[in-house]
Amino acid sequence: MRNPTYWIGQYLLAAGTMFLLLIVVDLLRGDSLAATWPATLGWSALAAGIFVFSRYRRSCAHCSPPPDKLKPRR
């Protein structure tokens, strides 16, 4: 399993990329930067958290065996 530094870097990369993309979209729509950056920062942080958490869970799927409930019955 990877260390926490890797996952923090992945989160910052995802959040920063999404923030820039959403800011560009808002500016192209004609919105001002001062009015849109707080909401854009919130949405990008939330989306990056969901994205990185799902990647973390997928990477740890092999770390522990599945519970007995999921084993097929004979």
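As a reminder, the structure under discussion sits directly above these lines.
Conventions used here
Residues numbered from 1 in each chain as written. Predicted model: local features only at pLDDT ≥ 70, side-chain atom pairs only at ≥ 80, totals over all residues. Heavy atoms only, no water. Core = buried A, V, L, I, M, F, W, Y, C linked by side-chain atoms within 4.5 Å. Buried < 20%, exposed > 50% of the residue type's maximum accessible area, 1.4 Å probe, protein only. Helix = DSSP H or I, 4+ residues; strand = E, 2+ residues; numbered from the N terminus. Contact = heavy atoms within 4.5 Å.

**Things to note about the nonpolar core**
One finds Trp 7, Ala 14, Ala 15, Ala 48 and Val 52 forming the largest nonpolar core, which totals five residues. Contributions of two or more residues to this core are made by α1 (4-29) and α2 (33-59). In terms of residue count, α1 provides more of this core than any other element does, three residues in total. Look past the residues within four positions of Ala 14 in its chain and what remains in contact with it is Ala 48, Phe 51 and Val 52.

**Regarding the side chain of Thr 36**
Mapping Thr 36 onto the fold places it in helix α2. Among residues more than four places away in sequence, those in contact with Thr 36 are Ile 23, Asp 26 and Asp 31.

From the geometry alone we can't say anything about function, so treat these as descriptive.
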